[in-house]
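Below are the chains, spelled out letter by letter.
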Amino acid sequence: MSNDAAGRHTRFIVLLAALVALGPLSIDGYLPGLPDLAGDLRASAAATQLTITACLVGLAIGQLIAGPLSDIYGRRRPLLAGLALYTIASALCAVAPDVRTFVGLRLVQGIGGAFGIVIANAMVRDRTSGTRTARLFSALTLITGLAPVFAPVLGGQLLRVTAWPGIFVGLAVLGAVMLAASAAGLPETRSSASRQPLPAVVGQLLSDRVFTGYVLANGLVFAAMFAYISGSPFVLQEIHGLSPQQYSAVFAVNAAGLIAAAQISGRLVARAGARVLLLAGLLGATAGGTTVLGAVLTRAPLPVLLIGLFVLVSSVGLVMPNAAAQALADHGGHAGSAAALLGFSQFMLGGALAPLAGAGGATDALPMGIIVAVLPALALLTLGVLTRSMPGERTRRPARQGRAGPRRPHRHIDRRGAGIQ
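Residues numbered from 1 in each chain as written. Predicted model: local features only at pLDDT ≥ 70, side-chain atom pairs only at ≥ 80, totals over all residues. Heavy atoms only, no water.

Novice: In this structure, what is going on with the confidence of the model for the protein chain? I would like to understand it.
Specialist: If pLDDT is low for a region, its predicted coordinates should not be looked at in detail. Here the protein chain shows a mean pLDDT of 82. Residues at 70 or above account for 86%. This model gives residues 392-421 a pLDDT under 50, and the stretch forms 49 contacts once residues within four places in sequence are excluded. (pLDDT = per-residue confidence, 0-100. Contact = heavy atoms within 4.5 Å.)

Right, dumping it as structure tokens:
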């Protein structure tokens, strides 16, 4: 690769990483300003929490909109439209007169931000295949792990010089910069000849049980991580007595584990294969979740619980990039819709199941322990059942016929191995 080509490739990856970061920044960047926001908008605690939920719902729904549109109309036009919507909604959030308006704008902001996430993932699949796809997804997972950690820190620093509306002004400026950079620097990666009508795309994806297996496995593990995020502040601070600073340190260590695992995955995927690393991640998440549940049931010392949480969260760094690479491997023709369903399952399963971690109140760790133990095990079972070969099947789909006779099966036959290998 020439220096010029390498430079273009680097700029391409940096832009995609920034697009993926928009979602986490939108969710977490304003958290330090929530108390002031509630006071200024005369909002209850429940209404204030709803502003977070609205953004999560927008990110989930927006991906279902963005993915099919990008398959039909190409990547660039929907991406630029989504970024424009994100920028406008972010700016309007800064001047929202009441909490109801603010919640509605947060929903729209999430929808606009979702375009960046799903189209970035689709562009990776457009440009790469095989282990290169898994490597790039590992790089994007690094951003996914870093952004939630640093977003509240950046928001807190902004609050030193401005009030909470200033955070949304900052997000609007970021959206405008991303809009300009994408318009100037991101090429169209999908040819017009490969575009298909939406009903055909949806039908193909929903009828593919292997794709569904990878999507569900990824979503269930992501939901387990969401349960940790929502339940661990109460478990570690209220039950085990950690200070906010100590809890932040634990959160940062676990995030570092996720990031390290994603980078290890990127280095090993060419030798080990995406499916093997995915299975390793699922087994690790199951072991970590089981350790957490065991620590809760036996009232084990805090280090045992912390070890279980570290293994659980770190394993997500193996699961997410490789599940994404495997799910999109056979759907390059409509990668936008496939990436949309992948992202939608993450946010919807996470949003639906994570609140159950607090079902026992602030002083009961058992609900969180059950969820983080059961969901990874269920993901492992789901992957084994849905991606195993059925009787009489030898490959993922029949070999295509050509002039020279049947084509040889693809070498990555582990996409459809006999159960979990």
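Structure's up, so let's keep going.
Novice: I would appreciate a short explanation of unusual backbone geometry in the present structure.
Specialist: Apart from glycine, the bulk of residues carry a negative phi angle, and the bulk of peptide bonds sit in the trans form. In this structure, arginine 42 is a non-glycine residue whose phi angle is positive, near 50°. Despite not being glycine, arginine 299 shows a phi value in the positive range, around 55°.

Novice: Just to check I follow, could you spell out the packing of helix H4 (residues 76-93) against helix H5 (residues 99-127) for this structure?
Specialist: Direction vectors running N to C along H4 and H5 enclose 150°, while the axes themselves pass 8 Å from each other. Judged by the inter-axis angle, H4 sits roughly antiparallel to H5. Taken as a pair, H4 and H5 cross one another with a handedness that is left-handed. On the side of H4, the interface is formed by Pro78, Leu79, Gly82, Leu85, Tyr86, Ala89, Ser90, Leu92 and Cys93, while H5 contributes Phe102, Leu105, Arg106, Val108, Gln109, Ile111, Gly112, Gly113, Phe115, Gly116 and Ile119. Its residues assigned to classes, the contact of H4 with H5 shows 13 nonpolar, six polar and one charged. (Axes fitted to C-alpha atoms, helices over the stretch in contact; angles between N-to-C directions. Helix = DSSP H or I, 4+ residues; strand = E, 2+ residues; numbered from the N terminus. Parallel < 35°, antiparallel > 145°, perpendicular 65-115°, else oblique. Left-handed = near helix turned anticlockwise from the far one by under 90°. Nonpolar A, V, L, I, M, F, W, Y, C, P; charged D, E, K, R; others polar.)

Novice: I would appreciate a short explanation of the pattern of salt bridges in the present structure.
Specialist: Opposite charge on two side chains makes pairing possible when the charged atoms of those side chains draw close. Using the criterion set out here, one finds two salt bridges in the structure. Residue aspartate 71 pairs with arginine 75 through a salt bridge whose shortest N-O separation is 2.9 Å. Each member of the pair, aspartate 71 as well as arginine 75, carries the same accessibility label: buried. Between aspartate 126 and arginine 75 there is a salt bridge, and its shortest N-O distance comes to 2.6 Å. Residue aspartate 126 is found in helix H5, and its partner arginine 75 is found in the loop between helix H3 (45-73) and H4; the two are separated by 51 residues along the sequence. A cluster of three or more residues bridged by salt bridges with shared partners is formed by Asp71, Arg75 and Asp126. (Salt bridge = Lys/Arg side-chain N within 4 Å of Asp/Glu carboxyl O. Buried < 20%, exposed > 50% of the residue type's maximum accessible area, 1.4 Å probe, protein only.)

Novice: Sorry if this is basic, but what is going on with the nonpolar core here?
Specialist: Grouped burial of nonpolar side chains is what soluble globular proteins tend to show. If you look at the biggest cluster of nonpolar residues, it comprises 116 residues, and the most contacted ones within it are Leu16 and Phe102. Looking at which element gives the most residues to this core, the answer is helix H9 (residues 209-239), with 16 residues. Those residues in contact with leucine 16 that sit more than four places away from it in its chain are Ala120, Met123, Val124, Leu140 and Leu186. (Core = buried A, V, L, I, M, F, W, Y, C linked by side-chain atoms within 4.5 Å.)

Novice: Would you explain the side chain of threonine 128 in this entry?
Specialist: Within the secondary structure layout, threonine 128 lies in the loop between H5 and helix H6 (131-158). Polar contacts involving the side chain of threonine 128 include one to the side chain of threonine 133, which spans 2.8 Å. Setting aside chain neighbours within four positions, we find threonine 128 in contact with Thr133 and Leu136. (Polar contact = N/O pair within 3.5 Å; in protein donor to acceptor, adjacent residues only side chain to side chain.)

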